[in-house]
There are 4 protein chains.
Amino acid sequence: MKIMILMMIGDIVGRPGRTILREKLPLLRKEYEVDFVIANGENAAGGNGITQKIAQELFISGIDFLTMGNHIWDNKDVFNFIEEEARMVRPANYPSGTPGRGYQVIKIESGISIGIINISGRTFMNALDCPFRTADAIIDKIKNSTSIVIVDFHAEATSEKIAMGWYLDGRATLVAGTHTHVQTADERILPNGTAYITDLGMTGPMNSILGIEKETVIKKFISQLPVRFEVAKGPSQINGIIVEIDEQTGKAQKIQRMDIKEI
Amino acid sequence: MKIMILMMIGDIVGRPGRTILREKLPLLRKEYEVDFVIANGENAAGGNGITQKIAQELFISGIDFLTMGNHIWDNKDVFNFIEEEARMVRPANYPSGTPGRGYQVIKIESGISIGIINISGRTFMNALDCPFRTADAIIDKIKNSTSIVIVDFHAEATSEKIAMGWYLDGRATLVAGTHTHVQTADERILPNGTAYITDLGMTGPMNSILGIEKETVIKKFISQLPVRFEVAKGPSQINGIIVEIDEQTGKAQKIQRMDIKEI
Amino acid sequence: MKIMILMMIGDIVGRPGRTILREKLPLLRKEYEVDFVIANGENAAGGNGITQKIAQELFISGIDFLTMGNHIWDNKDVFNFIEEEARMVRPANYPSGTPGRGYQVIKIESGISIGIINISGRTFMNALDCPFRTADAIIDKIKNSTSIVIVDFHAEATSEKIAMGWYLDGRATLVAGTHTHVQTADERILPNGTAYITDLGMTGPMNSILGIEKETVIKKFISQLPVRFEVAKGPSQINGIIVEIDEQTGKAQKIQRMDIKEI
Amino acid sequence: MKIMILMMIGDIVGRPGRTILREKLPLLRKEYEVDFVIANGENAAGGNGITQKIAQELFISGIDFLTMGNHIWDNKDVFNFIEEEARMVRPANYPSGTPGRGYQVIKIESGISIGIINISGRTFMNALDCPFRTADAIIDKIKNSTSIVIVDFHAEATSEKIAMGWYLDGRATLVAGTHTHVQTADERILPNGTAYITDLGMTGPMNSILGIEKETVIKKFISQLPVRFEVAKGPSQINGIIVEIDEQTGKAQKIQRMDIKEI
Ligand SMILES: [Fe+2]
Ligand SMILES: [Fe+2]
Ligand SMILES: [Fe+2]
Ligand SMILES: [Fe+2]
Ligand SMILES: [Fe+2]
Ligand SMILES: [Fe+2]
Ligand SMILES: [Fe+2]
Ligand SMILES: [Fe+2]
């Protein structure tokens, strides 16, 4: 059995998130003998969206592919490069006609193909197309091109995320939740071979609220007044998972959480 | 330093949740040398609310105290005993005049007093009073009666839960989130001595969606038709934490996750 | 120019709503020389949904066609007859596979065809398919069979409703909002011939809150406790509109509000 | 019986709203023999909030008093003058410590006192304090200083607005809803003398969606992409009501809708 090792990293928040990746990702790749690294980049640019320059910076740091989420459009620069950038997906259930792509099949260095799908939840989120039907349609389309199917399900409600895990069990290699910025401890291999975790967590400043300065978020909750959110300072963390995949069948063999903290 | 050991258990779902506790809690209490066990019981009665009989059953199984949440009123039997039952709290930020109590200070066997507060979040939840001001007011009231203050913050949004953790750091012994039914991996001791975790997780059937039969929840998401939710069958889990507390200062010394699965 | 006169009636609430229609609708039909009566029946059965018996009762009272809304599934009896009942539509943007139909083209007594479409909004409502694309697709399908297109847009937010009015201006004969149970005073003919009103209002007890006993609704808001909603008693009202339509072109010539109160 | 005539004007949107008021308000005041004019100004500055300069402009145009809503903080200039400006209120159920005042009792030219209260709803809106308890507390405080109590209830849901009307019937002179920007046709005098209307409507460009360019709002709904909202152009309307009040008792004698359109 030939094993592919995938690293998947939770929402990267601002410069601190990018910096800790630049510093630690090369070693982590070696340490875990990683074949491919996917990261959620929806908060990479100062907490809000992404720019072409920042996407390049992340690719140079050792990330191979970016998924996004509800913050996709926050930084207008995204419209300048989303069509051309083949290493990035945005939620596939945005309406037809939306710039960018919702999934991608790519061939990695080892010659293996991987399908990567980004989907957004609807509970407590934007009114997009049905995430479950979107997943069905894409998997149907790509299943002959690749046995490895990675799903970043960017969603708020745990019920919707777990439902997606069970729904795709046996059809996806991995269903990994993002968006809540808190890593969950429920990683497992579902009965039909799909690795699942409700949320990958957040890559960025650890003494913060979802990567943002905690004082301003608290002030917002208490005063209900508008506040200016800034990315927090101080030590950072990398959150994510390592998944071992049977290259032949696309089944996940092992899923393990990764939570690297700066001292 | 005299250490008190607290076990706190995530939302108990239906008969499967109660059964696994009856079977395993006595041994777990011994194994961890637990002084006091708090559990969230909002889903104890068939997934919806609680009854007096079920509360008694849980006390007999080794739970010392029950916290609740948004499902508090789902089973009407609660109105029959909530006023008399001193070992149960419901979210304190329900409006004044609401049956039951939002916090309680009790003396445990060792002679130590513990304050237990239940608060509900407001983001994506019911329109209740400000959770932060509610916490302030109660802690002010009880801080002379007890140095140990346990907060069950029953909330949906990770931002609101983490904000409460930081907000009460140094004033509470523990801020433990409940409601999402998925255990998070972010347990830590905050700088001023408050133990924190975003969610304790769920005690009930593990091959389920939040304790409910997965087929029906998936059907609901896909069809948007009404479905009848039943508690799932099959092996169960106990989710929770063990917290070591300095009895003198009320500061948390250690927090560790507990995730017991039936084989 | 041959004119067709359409009456469209806002959400019928419970027995009081049905009773006032039985008593007054025959005379109103004569008085306004009405050719066709459409009514929203989503609250006809005790405030929640509809039954086959109640649908029959409404047809006998002089209603020719029923539209529905988010309460469509509240009474399970609907599943027994929705497939067979050709005089009823439910929101068309429920996912494919949903029982019932989202639109219907029918030939009325005068030999004229009318297309009737029911669509649900998404803002503050269920996660359904895009209402605008749904409208596009249906109108495309039926425009060769009928020049008269009536849209019941069952939605909460005024922005979404007005957007639909402008969006369909020139393609629909009438875009009439329902769901808020309060008649709006913004009826008008849009520049390209579409009659528009944000909400038709409610047919049922006038000293109530949306047709429900006011004391219980107030209690709910104040206590946040569960309450049992009952349809209110006392005098009723009929809310709706009269629209004059050019049979040839399907353009609306005139829209006028109707607000009949029991003394 | 001495009658006071109150005009109350719905949400003023941007320059078009201000312009039509400057042109028509002086004549309308004369025509209706108005004693006092209250207007909702939350969208007066380009659709978002208010500035000191714009408040002054509105006072000069003949508005005596301004109420606000959820857009109160959109334009930061409000923080520069809200404390000093005695002729403006913001929702009273913002938490204590919020800049500005939630109610005001003022003596008008004729020597009569009027209490003006601004409250925000919570359904589909911000998490503020209970609007009903807030109303109770303020009315208790001011009822000895004035028999005339005007409430601008800035809320989304018709249920919450009508509930407030019935709740204050006999204690307020007028409960007028704002926020949805669509005038409702349900104006009435409730049994105990409170005038009520669910929404006053909008003062601004009539060929628009809530005052905003319709193309951009439609684009937003269809594409779910961020769009830049601009106040619409073209003819405007003034929406509001005229209420006749018994100065002695503070009871409303008559409420009539006002809907002035530019040709
Ligand atoms: Fe994120
Ligand atoms: Fe996100
Ligand atoms: Fe729960
Ligand atoms: Fe809950
Ligand atoms: Fe309705
Ligand atoms: Fe409805
Ligand atoms: Fe407004
Ligand atoms: Fe507003």
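Residues numbered from 1 in each chain as written. Chains lettered and ligands numbered in written order. Predicted model: local features only at pLDDT ≥ 70, side-chain atom pairs only at ≥ 80, totals over all residues. Heavy atoms only, no water.

- Going by an unreviewed UniProt entry, chain A carries the name TIGR00282 family metallophosphoesterase and comes from Biomaibacter acetigenes.
- In its Sequence similarities (unreviewed entry) section, UniProt records this for chain A: "Belongs to the YmdB-like family."
- You can read under Cofactor (unreviewed entry) in the UniProt record for chain A the words "Fe(3+)". (UniProt positions renumbered as here; feature names shortened; annotations may be inferred.)

Focus on the overall build of chain A
Then, in step 1: Looking only at helices and strands, chain A features six helices and 14 strands.
Then, in step 2: For chain A, whose C-alpha radius of gyration is 17 Å, the value lies close to the compact-globule estimate of 18 Å for 263 residues.
Then, in step 3: Along the three orthogonal principal directions, the C-alpha set of chain A runs to about 55 × 40 × 35 Å.
Then, in step 4: Residues counted as buried form 66% of the 263 residues belonging to chain A.
Then, in step 5: The long-range share in chain A, meaning contacts at least 24 apart out of those at least 6 apart in sequence, stands at 64%.
Then, in step 6: For chain A, the accessible area works out to roughly 9,400 Å², and carbon and sulfur atoms hold 49% of it.
Then, in step 7: The averaged location of the 32 negative side-chain charges in chain A is 2 Å from the averaged location of its 29 positive side-chain charges. (Helix = DSSP H or I, 4+ residues; strand = E, 2+ residues; numbered from the N terminus. Rg over C-alpha atoms; globule rule 2.2 N^0.38 Å. Buried < 20%, exposed > 50% of the residue type's maximum accessible area, 1.4 Å probe, protein only. Contact = heavy atoms within 4.5 Å. Areas by Shrake-Rupley, 256 points an atom, 1.4 Å probe, with all protein chains shown as cover. Lys, Arg positive; Asp, Glu negative; His and termini not counted. Charge placed at Lys NZ, Arg CZ, Asp CG, Glu CD.)

Here's the deal with the sheet that holds strand 9 (residues 174-178) of chain B
Residue and element names in this part refer to chain B.
Then, in step 1: Here six strands make up an open sheet; going across it, the order is 6-7-8-9-11-10 and the pairing mixed. Two strands in the sheet have a free side with no partner beyond their single neighbour: strand 6 (103-107) and strand 10 (188-189).
Then, in step 2: The pairing of strand 9 with strand 11 (residues 195-197) spans three bridges and is classified as parallel. In the strand pairing of strand 11, V175 is matched with Y196.
Then, in step 3: Relative to the sheet, helix 4 (residues 131-142) contacts strand 6, strand 7 (113-120) and strand 8 (149-154), its axis offset from that of strand 7 by approximately 165°. (Pairing = 2+ DSSP bridges. Axes fitted to C-alpha atoms, helices over the stretch in contact; angles between N-to-C directions.)

Points about the coordination of the iron ion (ligand 1)
Residue and element names in this part refer to chain A.
Then, in step 1: Ligation of the iron ion (ligand 1) by protein atoms is provided by D11 (OD), E42 (OE), N43 (OD1) and H181 (NE2), these donors lying 2.1 to 2.2 Å from the ion.
Then, in step 2: Geometry at the iron ion (ligand 1) is irregular, judged from the four donor atoms that bind it and their angles of 86 to 167° at the metal.
Then, in step 3: Given a relative accessible area of 8%, H181 falls into the buried group. (Donors = N, O, S within 2.8 Å, 3.2 Å for Na, K, Ca; no water. Tetrahedral: all angles 85-135°; square planar, octahedral: opposite > 155°, others 65-115°.)

Things to note about the sheet that holds strand 10 (residues 188-189) of chain C
Residues and elements named next belong to chain C.
Then, in step 1: What the six strands build is an open sheet, ordered 6-7-8-9-11-10; its pairing is mixed. Both outer strands of the open sheet, strand 6 (103-107) and strand 10, are each paired with one neighbouring strand and no more.
Then, in step 2: Bridge analysis of strand 10 against strand 11 (residues 195-197) gives two bridges, and the strand direction is antiparallel. Its bridge partner lying in strand 11, R188 is registered against Y196.
Then, in step 3: With respect to the sheet, helix 4 (residues 131-142) is in contact with strand 6, strand 7 (113-120) and strand 8 (149-154), its orientation differing from that of strand 7 by roughly 165°.
Then, in step 4: Sitting on the sheet, helix 5 (residues 158-168) touches strand 7, strand 8, strand 9 (174-178), strand 10 and strand 11, and the angle it makes with strand 9 is about 170°.

As for the interface of chain D and chain C
Then, in step 1: Taken residue by residue, the interface counts 34 residues in chain D and 34 residues in chain C.
Then, in step 2: Together, the buried faces of chain D and chain C total about 3,000 Å²; carbon and sulfur atoms form 67% of this surface.
Then, in step 3: Together, D:W166, D:F221 and D:I222 form the three largest contributors to the area buried by chain D at its contact with chain C, with a combined 20%.
Then, in step 4: Linking chain D to chain C there are zero salt bridges.
Then, in step 5: Counting the contacts that link chain D with chain C gives 12 residue pairs in polar contact (both at pLDDT 80 or more). (Buried area = accessible area lost by both parts, 1.4 Å probe. Salt bridge = Lys/Arg side-chain N within 4 Å of Asp/Glu carboxyl O. Polar contact = N/O pair within 3.5 Å; in protein donor to acceptor, adjacent residues only side chain to side chain.)

Here we look at the relation of the copies chain D and chain C
Then, in step 1: Superposition record for chain D on chain C: RMSD 0.0 Å, screw rotation 180°, translation along axis 0.0 Å. The superposition of one copy onto the other is thereby described by a two-fold rotation axis. Closest to the rotation axis within chain D is the C-alpha of D:T184, separated from it by 1.9 Å.
Then, in step 2: Most of the interface of chain D is mirrored in chain C: 100% of its interface residues are interface residues there too. (Least-squares fit on C-alpha atoms with pLDDT ≥ 70 in both.)

Side note on the environment of C:L6
Residues and elements named next belong to chain C.
Then, in step 1: In this structure, L6 sits in strand 1 (residues 3-9).
Then, in step 2: Distance in space between the C-alpha atoms of L6 and T216 is 36 Å, their sequence separation being 210 residues.
Then, in step 3: Sequence-distant contacts of L6, defined by excluding residues within four places in its chain, comprise F36, I38, I150, L174, I241, I242, V243 and I245.

Focus: the UniProt feature "active site" (unreviewed entry) in chain A
Residues and elements named next belong to chain A.
Then, in step 1: The sites that UniProt annotates as "active site" (unreviewed entry) are H71.
Then, in step 2: Mapping H71 onto the fold places it in the loop between strand 4 (65-67) and helix 3 (78-81).
Then, in step 3: Once residues lying within four places of it in the same chain are set aside, the contact partners of H71 are E42, N43, N48 and G49.

Concerning the coordination of the iron ion (ligand 6)
All names here are of chain C.
Then, in step 1: Distances from the iron ion (ligand 6) to its protein donors, namely E42 (OE), N70 (OD1), H154 (NE2) and H179 (ND1), fall within the range 2.1 to 2.2 Å.
Then, in step 2: Each of the four donor atoms around the iron ion (ligand 6) contributes to a set of angles spanning 85 to 148°, which defines the coordination as irregular.
Then, in step 3: For the iron ion (ligand 6), all donor residues lie on one chain, and their spacing in sequence is E-x27-N-x83-H-x24-H.
Then, in step 4: Between the two metal centres, the iron ion (ligand 6) and the iron ion (ligand 5), the spacing is 3.5 Å, with E42 acting as a shared donor. Taken as a pair, E42 in the loop between strand 3 (36-40) and helix 2 (52-61) and H154 in strand 8 lie far apart in primary sequence, 112 residues in all.

Here we look at the pairing of strand 9 (residues 174-178) of chain A
Residue and element names in this part refer to chain A.
Then, in step 1: The element strand 9 is extensively covered by neighbouring structure, given that five of its five residues are classed as buried.
Then, in step 2: Residues L174, A176 and T178 point to one face of strand 9 and V175 and G177 to the other, with burial holding for every one of them.
Then, in step 3: Between the parallel pair strand 8 (residues 149-154) and strand 9, the chain is carried across by helix 5 (residues 158-168), and the sense of this crossover is right-handed. (Right-handed = clockwise from strand over helix to strand, strands pointing away.)

Notes on the interface of chain A and chain B
It is common to give the size of an interface as the accessible area that goes away when the parts come together.
Then, in step 1: Taken together, the contact between chain A and chain B spans 34 residues of the former and 34 residues of the latter.
Then, in step 2: For the pair chain A and chain B, the summed buried surface comes to about 3,000 Å²; carbon and sulfur atoms form 67% of the total.
Then, in step 3: Connecting chain A to chain B are zero salt bridges.
Then, in step 4: At the boundary of chain A with chain B, the tally comes to 12 residue pairs in polar contact (both at pLDDT 80 or more).
Then, in step 5: Mapped onto the side of chain A that touches chain B, the elements with two or more residues apiece are helix 4 (131-142), helix 5, helix 6 (214-223) and strand 14 (252-261) of chain A.
Then, in step 6: The greatest single-element share of the side of chain A that touches chain B, amounting to seven residues, is contributed by helix 5 of chain A.
Then, in step 7: Among the residues making up the side of chain A that touches chain B, the classes are represented as 15 nonpolar, 10 polar and nine charged. (Nonpolar A, V, L, I, M, F, W, Y, C, P; charged D, E, K, R; others polar.)

A look at the state of the cysteines
Then, in step 1: Counted according to the given criterion, the structure contains zero disulfides over all chains.
Then, in step 2: No disulfide involves A:C130; its nearest neighbouring cysteine sulfur is the one of C:C130, lying 14 Å away.
Then, in step 3: On the basis of relative accessibility, which here comes to 5%, the residue A:C130 falls in the buried class. (Disulfide = S-S within 2.5 Å.)

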